Amino acid sequence: MQGFVVACLNALVADPDGFLEQLKEHWPAEKPRGRPRKATSPPADGDKPDNAPSN
């Protein structure tokens with residue numbers, strides 16, 4: 001395991017951009033950070049609390 005890690009670090013030092021380019025297809029997509037944005041459009045008619053069906 002140590003040999004693999006050392007080889008990867010040596011490749012990273014020798015050609016950082018090329019090494020990271022090879023990992024690009026295996027790297028997960030970036031996740032959004034922070035709180036979600038507020039909706040900018042008004043809610044649909046069915047989403048209003050006063051339009052809720054009474055039981």
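Scroll up a little and you will see the structure.
This one's a predicted model, so the numbers in the text were calculated from it and none came from an experiment. (Residues numbered from 1 in each chain as written. Predicted model: local features only at pLDDT ≥ 70, side-chain atom pairs only at ≥ 80, totals over all residues. Heavy atoms only, no water.)

Quick word on the overall build of the protein chain
Okay, so step 1: Looking only at helices and strands, the protein chain features two helices and zero strands.
Okay, so step 2: Every one of the 55 residues in the protein chain was classed for burial, and the buried ones make up 2%.
Okay, so step 3: Of the roughly 6,000 Å² of accessible surface on the protein chain, 57% is carried by carbon and sulfur atoms. (Helix = DSSP H or I, 4+ residues; strand = E, 2+ residues; numbered from the N terminus. Buried < 20%, exposed > 50% of the residue type's maximum accessible area, 1.4 Å probe, protein only. Areas by Shrake-Rupley, 256 points an atom, 1.4 Å probe, with all protein chains shown as cover.)

Overview of a nonpolar patch on the surface
Okay, so step 1: On the surface, Met 1, Phe 4, Val 5, Leu 9, Leu 12 and Leu 20 cluster together into a nonpolar patch covering about 640 Å² of accessible area.
Okay, so step 2: Its location among the elements puts Leu 12 in helix H1 (residues 2-14).
Okay, so step 3: Classification of Leu 12 as partly exposed rests on a relative accessible area of 30%. (Patch = residues over 30% accessible without salt bridge, like charges linked within 9 Å, V, L, I, M, F, W, Y side chains within 5 Å. Salt bridge = Lys/Arg side-chain N within 4 Å of Asp/Glu carboxyl O.)

Thoughts on the packing of H1 against helix H2 (residues 16-23)
Two measures define how a pair of helices packs: the angle their axes make with one another and the distance between the axes.
Okay, so step 1: Axis separation between H1 and H2 bottoms out at 5 Å; the angle between their running directions is 125°. Between H1 and H2, the angle falls in the class oblique. Residues Cys 8, Ala 11, Leu 12, Val 13 and Ala 14 of H1 lie in contact with H2, whose contacting residues are Pro 16, Phe 19 and Leu 20.
Okay, so step 2: Of the residues contributing to the contact of H1 with H2, the split by class is eight nonpolar, no polar and no charged. (Axes fitted to C-alpha atoms, helices over the stretch in contact; angles between N-to-C directions. Parallel < 35°, antiparallel > 145°, perpendicular 65-115°, else oblique. Contact = heavy atoms within 4.5 Å. Nonpolar A, V, L, I, M, F, W, Y, C, P; charged D, E, K, R; others polar.)

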